[in-house]
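Observations on chain architecture
What follows is the residue order along each chain.
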Amino acid sequence: MKNYFKRRLLPCVLTVVLLTNEAKPQEIERWDNRVSSGHEPAGIQWFKDAKFGMFVHWGLYSQLAGTWKNKNYYGSGEWIMNRARIPAAEYAAVAQQFNPVGFDAEEWAKFARQSGFRYMVVTAKHHEGFAMFDSKVSDFNVVKASPYGKDPMKALSEAVRKEGLHFGFYYSQYLDWHEANGGGNDWDFDESRKDYQRYYQGKSVPQIKELLTHYGPLGILWFDMPGGLSKEQTQAMIDTLHALQPDALFSSRVGQGLGDYRDFGDSEVPPLPVAGAWEAIYTHNDSWGYISHDMNFKSSGEIIRLLAGTASKGGNLMLNIGPDGTGRLPAYSQKYLLETGSWLGRFGESIYGTTYGLVPAQPWGVTTSKPGKLYLHIFERPSNGRLLIPDFDAAVSAIYQLDTHQPLRWKKRGSAIEISIGTLSDKRNTVLVVAYKGTPRKFDLTTPLTVSAGYKENPLDAVFARLHGSAKIESLTFSHYFGDWKHATCVTGMSRPEDSVSFLARITDPGDYKVLLEYACPPENSRQEGTLLFDGKEYKFETLRTSKLEEGNPILFIRHPVAIVTVPKAGLYTLRLSAAQQGSALFSLKSVILEPVD
Ligand code: JFZ
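Computed from a predicted structure; not experimentally measured. (Residues numbered from 1 in each chain as written. Predicted model: local features only at pLDDT ≥ 70, side-chain atom pairs only at ≥ 80, totals over all residues. Heavy atoms only, no water.)

1. Some words on the overall build of the protein chain
Test applied: Numbering of helices and strands runs from the N terminus; a helix is a DSSP stretch of H or I covering at least four residues, while a strand is a stretch of E covering at least two. Each radius of gyration reported is based on C-alpha atoms, and the globular scaling rule is 2.2 Å times the count of residues to the power 0.38. For the exposure calls, accessible area comes from a 1.4 Å probe over protein chains only, and a residue counts as buried if that area is under 20% of its type's maximum, exposed if over 50%, partly exposed in between. Using a 1.4 Å probe, accessible areas were evaluated by the Shrake-Rupley method; residue-level cover was limited to the displayed protein chains. Positive charges come from Lys and Arg alone, negative charges from Asp and Glu alone, with His and the N- and C-terminal ends not counted. Just so you know, the charge point we use is NZ for Lys, CZ for Arg, CG for Asp and CD for Glu.
A tally of regular secondary structure across the protein chain gives 12 helices and 30 strands. By the compact-globule yardstick of 25 Å for 598 residues, the protein chain fits well, its C-alpha radius of gyration being 25 Å. Split into buried and exposed, the 598 residues of the protein chain put 59% on the buried side. Just so you have it, the protein chain exposes about 23,100 Å², and 50% of that area is on carbon and sulfur atoms. Positive and negative side-chain charges of the protein chain, numbering 66 and 65 respectively, have mean locations separated by a distance of 4 Å.

The following block contains the structure:
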């Protein structure tokens, strides 16, 4: 089953990586060469403005809740049929227990609006093959095969639109473990005898046509896990389907580099702003489909910062919730999303309708923008009450707190702006507004990073590194359980003294700073000597062994304190790192952290 996932999913992950950077596979896009998605459909504006979508995975797997024959599964619960190798006939019988009497379309829709979501995408059919809607194409659907006997998607599509949100369907167009010709099921069916064309023509396309005809205007058709079609065939399918609803946006997982907007990998936000319409998808706990024993929910603070962080790069966040088999939303999902909604009620102006921030991530937080306004999302209050916006050269007319409209004192400090802040109203994220005239200078990789004694830690992230020799930036992908993907942007390839990285920092306070290196280092790379160069002095260290880097296992990052450096006076400093001798790659470096010594 792991193998299957590797064979099927990883090529897909790779495709996405390839898609996002034509030039060098694996290497991530940098600030200085961000691209727009090229063609942009006319009806895309609502999507770009919406910023926050609710994803819903709901199907027979929700009834199983992560347990099959007394064994608990962890990770992506909607993959349980595959992971437990459940025969299609036996799995189909689960439908007889599926009776979501607790489902209330109006309640979901109202919850979605109150949580601040602006669109909803729900699984009409996932890889298990069960249609959660009334389908004439296959009897394996909620109306015919379950005691519920009603079409929940009909009620939901209407209720969601009534609350003023855009409504869309997820449809697994290729993987279908219920069907002999569907992709993916190799435990019941012989892969070599599958006729994917027959599957597309006989079930997939006809069912998608039903979705496009019977459920009103769809904002989105969210495809997933493409396969079995050439680029020409994919385009032909898109054309046939789009003809039914030209305004519905098709997600990029329709395959072959096509689609109306970009989706990144699961749980992935690009490290720097990306132009054009795009969406990051995350789930509220560690699974997309409901798992009763998965209690690892993100708090409202985490959601709010994830949303602001995604918006600061220019994208939407679509956050998944997994309702249970009775049709109820998990209690923690309700609680933390409603809290998020009330934050959006006060600070929504800094999220909806914004574009990526003009100032890159700072030790205090992130920024988003609108014409003439820069929004500062403060995650971390500087302990000295002085907040710095580096290199901001537009004419500032006022700075105030967004929720209270309380004006703040500020002054120019060289090329920077220093704001005096008192207490902040929300310790998860308080937003300040900088109103200005003119066009501020564009940030790029030559802009110094900010380091100040006002923050417990000042991270210099890999993505801002200047690269020399063969040093390069890579995105490492890994998971903890199964399908709960994580991504880390790292510098790799530092195997010779000339393969160095450097960071330019504006250090605002003199004093001593502890330097910590955050990295992963597989056994074969450990016990090598590295050099840190700062302010004309050299410091040596030896790399420590963490764990093997494997996609299916957690990558362990450690924070290795390597030196204390002294900053004689405020100003610009370069910090450089390299291997002391030629060897294998030193490590995968995630960030360099400067901590003021107290
Ligand atoms: C897919 C599904 O297999 C999964 O069950 C869930 O629905 C998720 C939203 O999408 O999983 C993927 C698909 C693509 C990538 C990763 C996981 N990818 O491109 O990185």
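There is more to say, and it comes next.
2. A few points about the domain arrangement of the protein chain
To keep things clear, this is the line we draw: Bear in mind that the domain bounds are from an automatic or database domain assignment. Contact between two residues is taken to exist if any of their heavy atoms lie within 4.5 Å; hydrogens are not considered. As a working definition, buried area equals the accessible area (1.4 Å probe) given up by two parts on being put together, with both sides summed. A pair is scored as a salt bridge if a Lys or Arg side-chain nitrogen falls within 4 Å of a carboxyl oxygen belonging to Asp or Glu.
Each domain of the protein chain was delimited in the assignment, giving domain 1 (45–63 + 90–283 + 295–349), domain 2 (357–444) and domain 3 (458–596). The centre of domain 2, based on its C-alpha atoms, is set 29 Å off from the matching centre of domain 3. Listed by partner, the interface residues are seven residues for domain 2 and five residues for domain 3. When domain 2 packs against domain 3, close to 420 Å² is buried across both sides, 55% of that on carbon and sulfur atoms. Along the contact surface separating domain 2 from domain 3 lie two salt bridges. Measuring nitrogen to oxygen at the nearest pair gives 3.5 Å for the salt bridge that ties R386 to D509.

3. Some remarks on the packing of helix 9 (residues 196–214) against helix 10 (residues 231–244)
Here is the rule: Geometry is summarised by axes, namely lines fitted to C-alpha atoms with helices restricted to the contacting stretch, and by angles between N-to-C directions that run from 0 to 180 degrees. Note on terminology: angles under 35 degrees are roughly parallel, angles over 145 are roughly antiparallel, angles of 65 to 115 are roughly perpendicular, and the others are oblique. Crossing handedness: left-handed means the near helix sits turned counterclockwise from the far one by under a right angle, and right-handed means the same turn made clockwise. Classification used: nonpolar for Ala, Val, Leu, Ile, Met, Phe, Trp, Tyr, Cys and Pro, charged for Asp, Glu, Lys and Arg, polar for all others including Gly.
One way to put it is that helix 9 packs onto helix 10 with a least axis distance of 10 Å and a crossing angle of 25°. Judged on the interaxial angle alone, helix 10 and helix 9 are roughly parallel. Both helix 9 and helix 10 take part in a crossing whose hand is right-handed. Of helix 10, the residues touching helix 9 (which contributes Q197, Y200, V205, I208, K209 and L212) are Q233, M237, T240, L241 and L244. Classifying every residue of the contact of helix 9 with helix 10 gives seven nonpolar, three polar and one charged.

4. Here we look at helix 9
We count it as follows: An expected span of 1.5 Å times one less than the residue number is assigned to each helix. Take the seven residues that end at a residue and the seven that start at it, fit an axis to each, and the angle between those axes is the bend at that residue. Whenever a nitrogen or oxygen atom comes within 3.5 Å of another N or O atom, the pair is scored as a polar contact, on the condition that within protein one atom can donate a hydrogen and the other can accept it, and that pairs from neighbouring residues in sequence are kept only if both atoms are in side chains.
For helix 9, which comprises 19 residues, the first-to-last C-alpha distance of 26 Å matches the rise-based estimate of 27 Å (1.5 Å per residue) to within 8%. Along helix 9, the sharpest kink reaches roughly 30°, centred on S204 and followed within four residues by the proline P206. Regarding helix 9, the residues found buried are Y196, Y199, Y200, K203, S204, V205, Q207, I208, E210, L211 and L212. The opening residue of helix 9, the one whose side-chain oxygen lies 3.2 Å from the backbone nitrogen of Q197, is D195. The positive-phi residue at the C-terminal boundary of helix 9 is G216, with phi of around 75°.

5. Here we look at unusual backbone geometry
The phi angle at D391 is positive, at roughly 45°, despite the residue not being glycine. Within the secondary structure, D391 is located in the loop between strand 14 (386–389) and strand 15 (395–401). Judged by relative accessible area, which is 13%, D391 ranks as buried. Backbone geometry places R527, a non-glycine residue, at a positive phi of 60°. Position of R527 among the secondary structure elements: in the loop between strand 25 (511–520) and strand 26 (529–534).

6. Here's the deal with the pattern of salt bridges
Between side chains of opposite charge, a pair can form as their charged atoms come close. The tally for this structure, following the rule as stated, stands at 27 salt bridges. We note a salt bridge from K203 to D176, for which the minimum N-O separation is 3.0 Å. Of this pair, K203 sits in helix 9 while D176 sits in the loop between strand 5 (166–171) and helix 9; the two residues are 27 residues apart in sequence, bridging distant segments of the chain. Assigned by exposure class, K203 and D176 land together as buried.

7. As for the sheet that holds strand 17 (residues 416–420)
Heads up, the rule is: At least two DSSP bridges between two strands are needed for those strands to be called paired.
Spatial ordering of the open sheet is given by 14-17-16, a layout of three strands whose pairing is antiparallel. For this open sheet the edge positions go to strand 14 and strand 16 (409–413), each flanked by a neighbour on one side alone. When the angles between neighbouring strand axes are averaged without regard to direction, this sheet yields 25°. Inspection of the sheet shows strand 14 paired to strand 17 by four bridges, in the antiparallel sense. Residue I389 lies in a different strand from strand 17, and its bridge partner there is I417.

8. Structural notes on the packing of aromatic side chains
Describing an aromatic ring pair means giving the distance of the ring centres and the angle of the ring planes. As a reminder, the rule being used: Within 6.5 Å between ring centres, the rings of Phe, Tyr and Trp (the latter by its six-membered ring) count as paired, and their orientation is classed by plane angle as stacked under 30 degrees, edge-to-face over 60, tilted in between. Charges are assigned to positions over rings by a cutoff of 6 Å between ring centre and Lys NZ or Arg CZ, combined with an angular limit of 35 degrees from the ring normal.
Counting across every chain of the model gives 33 aromatic pairs. One aromatic cluster is present, formed by W58, F98, F103, W108, F130 and F140 through successive ring pairs. The ring of Y352 carries the charged tip of R118 above its face, separated from the ring centre by 3.5 Å.

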